[in-house]
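# Fold and geometry: a report
Given next are the chains, with one letter for each unit.
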Amino acid sequence: PNLNSPLQPGMEKTDKKTEEKDSNSEMAVTRVMKALSSNILLTGKVVKGFQRGSKLLGWPTANLDPKAFHGKVDHLEEGVYFGYAKIESDEKVYKTALSIGWNPQFKNKEKTVEAYLVNEFPEDFYDEEMKLMICGHVRAQAKFNSLDSLKDAIRADVDATVKILDTKPYFDLREAGFFKK
């Protein structure tokens, strides 16, 4: 597979748009599964975040050290993205839903890249190196009326991520040389 673009010769870029009502408000969440013009590759240590992912939301995330993404994701819209991740102590490459931005729900003061690796890990992996391949955009970040609404949106983001990464051309990107180095 071409590491710089998920689109192979003869393939057309397609955007899949879905709109869902937030169960606790009138807000609609629009998901447009859109390929990036080229995949973004990041490598850095997993650092402690705000400790909200698993404790408050039930979605444990691996926070990438800001030094690893500084200047590399500035051109991206704040939002939810899909891609793949690999932790140095594990041979497997995992489907990943990630948030890039300031998380308006919690009014963060610093930009974060937080990856939810689709797997249940028995323990944390702080200080391990993580390789991230960002392939596409799911939706813009949003502030929700309740934590339950945010949890529902995250669940739908992860479901959409898993579904699109099971399709061509994304499925084959798990085997990219970037993850083998």
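This section reports on the structure supplied with the text. Just so it is clear, the structure is predicted and the values come from calculations on it, not from any experiment. (Residues numbered from 1 in each chain as written. Predicted model: local features only at pLDDT ≥ 70, side-chain atom pairs only at ≥ 80, totals over all residues. Heavy atoms only, no water.)

Secondary structure assignment for the protein chain yields two helices and seven strands. In the protein chain, the succession of helices and strands from N to C terminus is β-β-β-α-β-β-β-β-α. Per-residue burial for the protein chain yields a buried fraction of 47% across its 181 residues. Considering only contacts within the protein chain whose residues lie at least 6 apart along the sequence, 71% involve residues at least 24 apart. Entry remark: accessible area of the protein chain is about 9700 Å², with carbon and sulfur atoms responsible for 50%. (Helix = DSSP H or I, 4+ residues; strand = E, 2+ residues; numbered from the N terminus. Buried < 20%, exposed > 50% of the residue type's maximum accessible area, 1.4 Å probe, protein only. Contact = heavy atoms within 4.5 Å. Areas by Shrake-Rupley, 256 points an atom, 1.4 Å probe, with all protein chains shown as cover.)

Moving on, we get to unusual backbone geometry. Here the bond from Lys 168 into Pro 169 is cis, since omega is 5 degrees, no more than 30 degrees from zero. Considering the arrangement of structural elements, one finds Pro 169 in the segment after α2 (147-165).

A word on the nonpolar core. Ranked by internal contacts, the top residues of the largest apolar core, which has 23 residues, are Val 73, Leu 117, Met 130, Leu 132 and Ile 134. Elements with a minimum of two residues in this core: β2 (28-47), β3 (62-64), α1 (66-69), β4 (79-87), β5 (94-101), β6 (112-117) and β7 (129-140). When residues of this core are assigned to their parent elements, the largest contribution, four residues, is made by β2. (Core = buried A, V, L, I, M, F, W, Y, C linked by side-chain atoms within 4.5 Å.)

Another point: the environment of Leu 117. Relative to the assigned elements, Leu 117 resides in strand β6. Judged by its relative accessible area of 2%, Leu 117 falls in the buried class. Counting along the chain gives 57 residues from Leu 117 to Pro 60, while the straight-line C-alpha distance between them is 8.3 Å. The residues contacting Leu 117, other than those within four sequence positions of it, are Ala 62, Ala 85, Ile 87, Tyr 94, Lys 95, Thr 96, Phe 125 and Met 130.

Within the element layout of this structure, Arg 155 appears in helix α2. Separated by 96 residues in sequence, Arg 155 and Trp 59 place their C-alpha atoms 8.8 Å apart.

Applying the stated criterion to the full structure yields four aromatic pairs. With 5.1 Å between their ring centres and 90 degrees between their planes, Phe 82 and Tyr 170 make a pair best called edge-to-face. Of the two residues, Phe 82 sits in strand β4 while Tyr 170 sits in the segment after α2, which places them 88 residues apart along the sequence. In this structure Phe 82 comes out as buried when scored by relative accessible area, which is 0%. Both rings, one in Tyr 94 and one in Phe 121, keep their centres 5.1 Å apart while their planes meet at 70 degrees; by these two values the pair is edge-to-face. (Phe/Tyr/Trp six-rings, centres within 6.5 Å; stacked < 30°, edge-to-face > 60°.)

Turning next to the side chain of Arg 139. Relative to the helices and strands, Arg 139 resides in strand β7. On the basis of relative accessible area, Arg 139 is assigned to the buried category, the value being 5%. A polar side-chain atom of Arg 139 sits 2.8 Å from a polar atom in the side chain of Asp 157. (Polar contact = N/O pair within 3.5 Å; in protein donor to acceptor, adjacent residues only side chain to side chain.)

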